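Structural characterization, general
Listed here are the chains, written in short residue letters.
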Amino acid sequence: MTDLPGAGLRVLHVTNMWPEGDSFRGIFVKEQVEALRALGVHADVEIVAQARGRRDYLLAAPRIRRLVRAGRYDLVHVHHGMTGVATRFIGGVPRILNLYGHDVNWHWQRWITKLGWGGVADKVYVSRRMAVAAKDPDGEVIPNGVDFDLLRPADRQAPRAALGFAEHEKVVLFGAVPGNWVKGHDVFTDVLAELTRRGWPVRELVLAEPGQTREGIVPKFLAADVLLFTSRKGYEGSPTVVKEATAINLPVVTTDVGDVAEVLDGVHPSAVVEFPEPWGTPETRAQLVEGLVARCVEVFEAGTRSNGREANAWLDWTVIGRQIIAHYRRVLNPAEPLARL
């Protein structure tokens, strides 16, 4: 269909984040590519590293150069700063570099990212906080989207019963792999312990599960009473799970990381808890736990779902996909205006 906004565009996506096997690593990249295809973009994908190992960041360069020459692409969309090195010398096709979090926030990854971003046509950040951290405060910001078709509000009783939760129990969702240090499962468990001490019948539910289908996350979002997101300071870019929770109207209580303040602006009941200063002491950690406990109690006492889906309709992948396509066309035609977030 020629009336689709992406019609006529040929884009090669190069990424080190793509779901393989039973992993959902990089699901947001896959969903972005699918959204762009639905909007008319011819989108091909080349995966760097992952199963090939870290050496592929260097070894992939000739392979990608050949793909670019053969593919007649209008531009190359590079996902994650570490991948930029593999696309550094592909010729005259414009590159857009998408930055996600660790590639800017982690010192050693930031160093490699800077090696690869020379010569890019533009950089895109998933949050304004990331752009500021990269010393590019006016840089282009386009957050990851959410699959609003998958994550729809629905009846909660059947999922709760199927997962073994009693009606009176408060189900607190942990939206990551507990072993991922960045996600702060130790803080999460401290919050649940304090809620239990105060008499709240809380149960932990972990979103990530080996072998789980993508659809398998939906009953967990529906069964939960709150998403408690306890990620550590200075590591997140734009946490997808927070946005997914709002799409299904699940209240969120979260530490102040990435773009959660923007995502939860106007979403009720939900809360963002700032890191007490000076951060890094046992005293400020205890204050953080207390703040998270207090906000969870507020959500429990409200006893309702949130208005997140309505407030964050702008995060639907169809909307975000159109914004990405508009950015593609501005890069290819700098005279074309682009509305920024």
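In this text, all values refer to a predicted model and were calculated from it rather than measured experimentally. (Residues numbered from 1 in each chain as written. Predicted model: local features only at pLDDT ≥ 70, side-chain atom pairs only at ≥ 80, totals over all residues. Heavy atoms only, no water.)

Before going further, it helps to spend a moment on unusual backbone geometry. For the bond running from His268 to Pro269, omega is -5°, close enough to zero to count as cis. Residue position: Pro269 is located in the loop between α10 (260-263) and β11 (271-273). Looking along the chain, the bond that leaves Glu277 and enters Pro278 is cis, with omega of -5°. Here Pro278 is to be found in the loop between β11 and α11 (282-302). (Helix = DSSP H or I, 4+ residues; strand = E, 2+ residues; numbered from the N terminus.)

Counting 52 residues, the largest nonpolar core has Leu151, Val191, Phe221, Leu228 and Val242 as the members making the most contacts within it. Ranked by residue count, the leading element in this core is α11, at eight residues. Setting aside residues no more than four positions away along its own chain, Val242 makes contact with Leu227, Phe229, Val252, Val260, Val263 and Leu264. Residues Trp18, Leu36, Tyr100 and Ile320 belong to the second largest nonpolar core, which totals 50 residues. (Core = buried A, V, L, I, M, F, W, Y, C linked by side-chain atoms within 4.5 Å. Buried < 20%, exposed > 50% of the residue type's maximum accessible area, 1.4 Å probe, protein only. Contact = heavy atoms within 4.5 Å.)

Here six strands make up an open sheet; going across it, the order is β2-β1-β3-β4-β5-β6 and the pairing parallel. The sheet is open, and its two borders are formed by β2 (42-47) and β6 (140-141), each paired with just one other strand. Relative to strand β4 (residues 95-99), strand β3 (residues 75-79) runs parallel, the two sharing four bridges. Pairing of Val78 across the sheet is with Leu97, part of β4. (Pairing = 2+ DSSP bridges.)

Moving on, we get to the packing of helix α7 (residues 185-197) against α11. Relative to each other, α7 and α11 sit at 60°, their axes nearing to 9 Å. Between α7 and α11, the angle falls in the class oblique. Once α7 is placed against α11, the crossing between them reads as right-handed. Contacts from Asp186, Val187, Asp190, Val191, Glu194 and Leu195 of α7 reach α11 at Arg285, Val289, Leu292, Val293, Cys296, Val297 and Phe300. Grouping the constituent residues of the contact of α7 with α11 by class yields nine nonpolar, no polar and four charged. (Axes fitted to C-alpha atoms, helices over the stretch in contact; angles between N-to-C directions. Parallel < 35°, antiparallel > 145°, perpendicular 65-115°, else oblique. Left-handed = near helix turned anticlockwise from the far one by under 90°. Nonpolar A, V, L, I, M, F, W, Y, C, P; charged D, E, K, R; others polar.)

This brings us to the pairing of strand β9 (residues 226-229). Residues Val226 and Leu228 line one face of β9 and the alternating positions Leu227 and Phe229 line the opposite face, and both faces are buried. As judged from the two bridges shared by strand β7 (residues 170-174) and β9, these two strands associate in the parallel manner. If you follow Val172 over to β9, its bridge partner there is Val226. Judged from the three bridges that link them, β9 and strand β10 (residues 252-255) form a sheet pairing that is parallel. Bridge assignment links Leu227 to a residue of β10, and that residue is Val252.

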